[in-house]
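As a plain string of letters, each chain reads:
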Number of protein chains: 2
Amino acid sequence: MSGDEQPSTTTEGILKARLSSPGLLLALLGQSAMRRLRAAHNAVGLTPRQFQLLALLHDHGPMGQRELGKRMGVDPSILVTLLNPLEADGLLSRERDAADRRRHIVHLTDVGARQLTRAALAQQEAEDLLFAALDERQREDLRRLLLALRASLAPAFASAEETPEC
Amino acid sequence: MSGDEQPSTTTEGILKARLSSPGLLLALLGQSAMRRLRAAHNAVGLTPRQFQLLALLHDHGPMGQRELGKRMGVDPSILVTLLNPLEADGLLSRERDAADRRRHIVHLTDVGARQLTRAALAQQEAEDLLFAALDERQREDLRRLLLALRASLAPAFASAEETPEC
DNA sequence: TATTGTTATACTCTATAACTATA
DNA sequence: TATAGTTATAGAGTATAACAATA
């Protein structure tokens, strides 16, 4: 309440929380996690985004690129750069929608499904190392909190009936 | 234990957890968080990494670039690209160590401290929006879990007595 | 005119290796 | 020879805008 060496409690509180605020921790540790997952996915010829893409196709079935982009929260232009090599490798196929010839319906192939399983196993190993210091209870708590966060952020990506997975 | 439509429980468990595993959630939501924090920091002329850098100097006092890089978990070569514009803007100063003329000791200036406070406020606003759906208890739980994770990952960056902040 | 998908360009962040100056 | 810092180059990921084909 006085003195020139005594900052206000409010400002000091913010200053003290800078490096350990949940937002900055999430951003920086997320970067670290992404690096590890990328190494795991790269080992089987995928990127994390391509893994997410294949997993969405597996969980929700074939869909158009617009919907795929919305569920992933990425621009359609980025989607193309993810899809092209996957199609070239036969992990998925793009087929014109007979009802609306503008649309390309993306299908997961059997080869793609098998590759997805390999990548999932590699990812699991990477996560076990990443979260080695956290017990099962802590991992589940973290998962639940992040799921709640994702659900709350989803509307920003989706327009209406879509349900983005991130 | 039978049938061609019945995958093993283990594989199926991994497959089901793909898109909602704590690791992928952390990686993808971290990317989202980084985007928002970057917008906040950019508004006051900084990047998230530069914010982290200034905050470290504020919390731990002047230090050499090697130590700074270790605490941030980045290569010294990246550090230079972060430091140069900050020094040009007068937010910090590099001074040769008289005892070891190879070392450059980095000091936070008063201007830098004030800019750090502005950035911290902008970051706080961004985080309030980002975590709007989480109550105080959930934010604190998340913060604690991420702090535990950071502490466990620290040894990967530091060599010995260093204590990286991320 | 609006929508689906594509292409082209640029920007941010990071990793790696080669370089200098000091020790 | 080893270390502190610097520079140069390349790569991954993403955002933006302009474009072609179809509705």
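Above this text you will find the structure in question.
Residues numbered from 1 in each chain as written. Chains lettered and ligands numbered in written order. Predicted model: local features only at pLDDT ≥ 70, side-chain atom pairs only at ≥ 80, totals over all residues. Heavy atoms only, no water.

### Overview of the overall build of chain A
Helices and strands together make up the secondary structure of chain A, namely seven helices and three strands. Across the 166 residues that make up chain A, the buried fraction comes to 45%. Summed over its atoms, the accessible surface of chain A is roughly 8500 Å², and 51% of this surface lies on carbon and sulfur atoms. (Helix = DSSP H or I, 4+ residues; strand = E, 2+ residues; numbered from the N terminus. Buried < 20%, exposed > 50% of the residue type's maximum accessible area, 1.4 Å probe, protein only. Areas by Shrake-Rupley, 256 points an atom, 1.4 Å probe, with all protein chains shown as cover.)

### Thoughts on helix 5 (residues 76–88) of chain B
Residue and element names in this part refer to chain B. In a regular helix each residue adds 1.5 Å, so 13 residues correspond to 18 Å; helix 5 covers 18 Å between its end C-alpha atoms and thus fits that length. Those residues of helix 5 that sit buried are Leu-79, Leu-82, Leu-83 and Leu-86. Looking at the buried side of helix 5, the elements it contacts are helix 3 (48–60), helix 4 (65–72), strand 2 (92–96) and strand 3 (104–108). At the exit of helix 5 stands Gly-90, carrying a positive phi of roughly 80°. (Expected span 1.5 Å × (residues − 1). Contact = heavy atoms within 4.5 Å.)

### Comments concerning the packing of helix 3 (residues 48–60) of chain A against helix 5 (residues 76–88) of chain A
All names here are of chain A. At a closest axis distance of 10 Å, the pairing of helix 3 and helix 5 adopts a crossing angle of 80°. It follows that helix 3 is roughly perpendicular to helix 5 by the angle criterion. Where helix 3 approaches helix 5, its residues Arg-49, Gln-50, Leu-53 and Leu-54 are matched on the opposing element by Leu-79, Leu-82, Leu-83, Pro-85 and Leu-86. The residue inventory of the contact of helix 3 with helix 5, partitioned by class, reads seven nonpolar, one polar and one charged. (Axes fitted to C-alpha atoms, helices over the stretch in contact; angles between N-to-C directions. Parallel < 35°, antiparallel > 145°, perpendicular 65-115°, else oblique. Nonpolar A, V, L, I, M, F, W, Y, C, P; charged D, E, K, R; others polar.)

### Looking at the relation of the copies chain A and chain B
Of the transformation placing chain A onto chain B, the axial shift is 0.0 Å and the rotation is 180°, giving an RMSD of 0.0 Å. In the structure described here, the two chain copies are related by an operation that fits a two-fold rotation axis. Ranked by how close their C-alpha atoms come to the rotation axis, the residues of chain A are headed by A:Gly30, at 2.1 Å. Mapped onto chain B, 100% of the interface residues of chain A again fall at the interface, so both copies present the same surface. (Least-squares fit on C-alpha atoms with pLDDT ≥ 70 in both.)

### Quick look at the environment of B:Thr117
Looking at the element boundaries, B:Thr117 is found in helix 6 (residues 110–130). Expressed as a C-alpha distance, the spacing of B:Thr117 and B:Ala55, which sit 62 residues apart in the sequence, is 9.3 Å.

### Description of the sheet that holds strand 2 of chain B
Residues and elements named next belong to chain B. An order of 1-3-2 is seen for the three strands of this open sheet, with the pairing classed as antiparallel. Each having just a single partner strand, strand 1 (63–64) and strand 2 make up the two edges of the open sheet. When strand 1 meets strand 3, the two strands line up antiparallel, connected through two bridges. Following the sheet pairing, Gly-64 is matched in strand 3 by Ile-105. Strands in contact with helix 5 are strand 2 and strand 3; relative to strand 2, the strand with the most contacts, it is inclined by about 105°. (Pairing = 2+ DSSP bridges.)

### Topic: the protein's contact with DNA strand C
Residues in close proximity to DNA strand C total 22 residues, the closest being A:Gln31, A:Gln65, A:Arg66, A:His104 and B:Ser77. In the environment of DNA strand C, a phosphate oxygen lies 3.0 Å from a nitrogen or oxygen atom belonging to the side chain of A:Arg94. In this structure, a phosphate oxygen belonging to DNA strand C sits 3.1 Å away from a side-chain N or O atom of B:Arg49. If you tally residues by element for the surface near DNA strand C, the top one is helix 5 of chain A, at three residues. Its residues assigned to classes, the surface near DNA strand C comprises four nonpolar, six polar and 12 charged. (Near = heavy atom within 4 Å. Polar contact = N/O pair within 3.5 Å; in protein donor to acceptor, adjacent residues only side chain to side chain.)

### Some thoughts on the protein's contact with DNA strand D
Around DNA strand D lies a shell of 21 residues, among which A:Arg49, A:Ser77, B:Gln65, B:Arg66 and B:Ser77 are the nearest. For DNA strand D, the fraction of protein-proximal atoms (within 4 Å) that sit in sugar or phosphate groups is 69%. A distance of 2.7 Å is found between a phosphate oxygen of DNA strand D and a side-chain nitrogen or oxygen belonging to B:Gln65. Those elements that provide at least two residues to the surface near DNA strand D are helix 5 of chain A together with helix 2 (22–42), helix 4 and helix 5 of chain B. In terms of residue count, the dominant contributor to the surface near DNA strand D is helix 5 of chain B (three residues). Among the residues making up the surface near DNA strand D, the classes are represented as three nonpolar, seven polar and 11 charged.

### Digging into the side chain of A:Glu127
By the element assignment, A:Glu127 lies in helix 6 (residues 110–130). Buried A:Glu127, no salt bridge; nearest opposite-charge side chain is A:Arg139, N-O distance 6.9 Å. A distance of 2.4 Å separates polar atoms of two side chains, one belonging to A:Glu127 and the other to B:Ser21. Setting aside chain neighbours within four positions, we find A:Glu127 in contact with A:Leu37, B:Ser21, B:Pro22, B:Gly23 and B:Leu24. (Lys, Arg positive; Asp, Glu negative; His and termini not counted. Salt bridge = Lys/Arg side-chain N within 4 Å of Asp/Glu carboxyl O.)

### Points about the interface of chain A and chain B
Opposite the 55 residues of chain A that make contact, chain B presents 55 residues. Between chain A and chain B, roughly 5500 Å² of surface is buried when both sides are summed, and carbon and sulfur atoms account for 76% of that area. Considering only the side of chain A, the residues that lose the most area to chain B are A:Arg18, A:Leu19 and A:Leu29, jointly responsible for 13% of the buried surface there. Between chain A and chain B we count two salt bridges in total. Summed over the shared surface of chain A and chain B, the number is 18 residue pairs in polar contact (both at pLDDT 80 or more). Taken together, the elements giving at least two residues each to the side of chain A that touches chain B come down to helix 1 (9–17), helix 2 (22–42), helix 3, helix 6 and helix 7 (136–157) of chain A. Ranked by residues supplied to the side of chain A that touches chain B, first place goes to helix 2 of chain A with 15 residues. Split by residue class, the side of chain A that touches chain B holds 31 nonpolar, 14 polar and 10 charged. (Buried area = accessible area lost by both parts, 1.4 Å probe.)

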